[in-house]
Amino acid sequence: MGPFFCAVAGAVFVTSLVKSQRVLLFAQTKHPTLIPMKALCSLALPAFLFLTACGPDAPTEPNVLFILADDLGYHDLSVTGSDYYETPHLDALANAGIQFTSAYTTSRVCSPARASIMTGQYTARHGITDWIGAPTGEAWRKYGRHNKLLPPDYPHNLDTVHHTMAEAFGDAGYQTFFAGKWHLGDETSRPEDHGFAINKGGYSSGSPRGGYFSPWENPVLSNTTPGENLSMRLAQETTDFIAGIDRSKPFFAMLSFYAVHGPIQTTEEKWRKYRQKAVEQGVADSGFGMERRLPVRLHQDNPVYAGLVEQMDDAVGLVLNQLEALGLDENTIVVFTSDHGGVASGDAFSTSNAPLRGGKGYQWEGGLRVPLFLRYPRGIEATQQSKVPITGADIYPSLLSLAGIPATTRQLMDGRDLVANIDEGIAPDRPLFWHYPHYGNQGGDPSSVIRRDNYKLIHYHEDGKDELYDLYKDREERLNVAAQFPDLVSAMRTELLTWLESVGARFPEKDPIYDPVKAAGVAHFRRDTLKPRLELQRKNMLEDDYLPNADWWGSGK
């Protein structure tokens, strides 16, 4: 690299350091201010050291590693409040950069949220409003749930008209790589069709077919070693890519775990560790309560799920350690988040999101709030927290900005460039929108949501009713204050419905053969049969002689 390019690199580095100070102030205050000019003198020495390190193979642009968990709840990490799950690598990542404590997914289920991450758009705009494969219209009746509404149709592939985040980085000269869960379409809509040059394990499935231990059933991820763990394999594929990159060019790598989606599986060793921990912490007599439609897990005491979480954390550690070993950690932006809240109801009933209400599939904070960490040693101060509400749609424009890539004009986005907001010295003033006109598998209701400042309004499509919560005072969403603020409810509902109409949102329709007697029978079964069955399964999993099958799901130990 010649002197001119080193000079440019030095300028970029100084700019990133200035931004780090802005991020520090942004994270600590509600109304951030910019760094005083006199503080720039303190940047001279690190800028000089950067210039002296400029070598022939060192790209000036930062690398990007985006790590996405599946079904991981906000409180499923030690650093976000769990005293049961152990996640040292993710805890360290959170403490090495910014932890966004009011981060949201754009959808309570996977495919819509992942489409938003890739496009920077809210779900009502890009149109994928349910997990791809969920039935719609009259086909919904085959589930036998006897709901009042029939959910609308939605695209089953991510449209190639979108200029995705991967394509934007590729246009800027980045080497692109994807590993893990995709769930954004069939053979015509895989990662390779949306900007990723390499794809390891990403196809139409939303769950790890064949389980978490080899042999798995994945058409784009070969089986090599019997009993190999899927999370570790995806991490190894990522580290192999990083080790083999062209060092003169930056990379954009996305590690998208299937974990911790069901079926939940772990080794006997990890199960035994967390079974013992649950016993030592004290096992509650009852493990489940009832939400509006389904039982909901009340405690974090599932030793199989805990082992699955820890295994994912081990895999994250493998990749982060590789970055450090290769000397790439200082110039790599690392982002970690989850596609939505943890599974407290439905599926494997895996975790509790308490004190947040609900979980995956729900309209409450347990379904929408997610962990989100951002580490960039050359641009962001460590051990920071920000309470500013952000969503998965903000990741695309913000990463482009952090990498110094001009905002793309080829993609209309709802997400905001948070770095630009920091530069301007203001926090973003905007509403956040969610739209889920479906029932899903976890007990949520067809509804649309708007958050403005501290207030969150939920508009239900079955009956047109509204709930209003003050999240500053009631993050558990137990006190509906809609009756106390009728004018605010009216204004927020109007803003929400007007926006939905402007983007062409689709809505559910009444089922003309809805039978309230049959619906009551479903509710009776869930309360009087399913909930006791779940209690027995929980108790069995905590027994000292628990054995899920002969070889612990093929782990061999």
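For clarity, every value in this text was computed on a predicted model and none was experimentally measured.

**Student:** Hey, could you run me through the packing of aromatic side chains in this one?
**Tutor:** Aromatic rings considered in pairs are described by the distance between their centres and by the relative angle of their planes. Evaluation of the coordinates by the stated rule reveals 25 aromatic pairs. Pairing Tyr84 with Tyr274 gives two aromatic rings, centres 5.7 Å apart and planes at 70°, and the pair type is edge-to-face. One end of the pair, Tyr84, is in the loop between β1 (63-69) and α3 (88-95); the other, Tyr274, is in helix α8 (residues 268-281), and 190 residues separate them in sequence. With a relative accessible area of 0%, Tyr274 lands in the buried category. Counting every residue linked through ring pairs, the aromatic cluster contains Phe169, Tyr174, Phe178, Trp182, Phe196 and Phe252.

**Student:** Help me understand helix α4 (residues 110-119) in this model?
**Tutor:** Residues three or four positions apart in an α-helix share a direction because the helix packs 3.6 residues into each turn. With 10 of 10 residues buried, α4 lies mostly within the body of the structure. Among the residues of α4, Cys110, Ser111, Pro112, Ala113, Arg114, Ala115, Ser116, Ile117, Met118 and Thr119 are the ones counted as buried. On its buried face, α4 sits against β1, α5 (123-126), α6 (165-171), β7 (251-256) and α11 (395-402). Backbone geometry just downstream of α4 places Gly120 in the positive-phi region, at approximately 75°.

**Student:** Help me out: how do you make sense of the sheet that holds strand β16 (residues 455-460) in this one?
**Tutor:** Read across the open sheet, the 4 strands follow the order β14-β15-β16-β17; overall the sheet is antiparallel. Edge positions in the sheet fall to β14 (432-436) and β17 (466-470), since each has one partner strand and no second. Between one strand axis and the next, the sheet turns through 15° on average, direction left out of account. Strand direction decides the pairing type here: β16 and β17, joined by 5 bridges, are antiparallel. Its bridge partner lying in β17, Tyr455 is registered against Asp470. Contacting β14, β15 (447-452), β16 and β17, helix α13 (residues 486-502) runs over the sheet at an angle of about 65° to β16.

What counts, and at which threshold
- Residues numbered from 1 in each chain as written.
- Predicted model: local features only at pLDDT ≥ 70, side-chain atom pairs only at ≥ 80, totals over all residues.
- Heavy atoms only, no water.
- Phe/Tyr/Trp six-rings, centres within 6.5 Å; stacked < 30°, edge-to-face > 60°.
- Helix = DSSP H or I, 4+ residues; strand = E, 2+ residues; numbered from the N terminus.
- Buried < 20%, exposed > 50% of the residue type's maximum accessible area, 1.4 Å probe, protein only.
- Contact = heavy atoms within 4.5 Å.
- Pairing = 2+ DSSP bridges.
- Axes fitted to C-alpha atoms, helices over the stretch in contact; angles between N-to-C directions.

Functional significance is not addressed by these values, which are geometric in nature.
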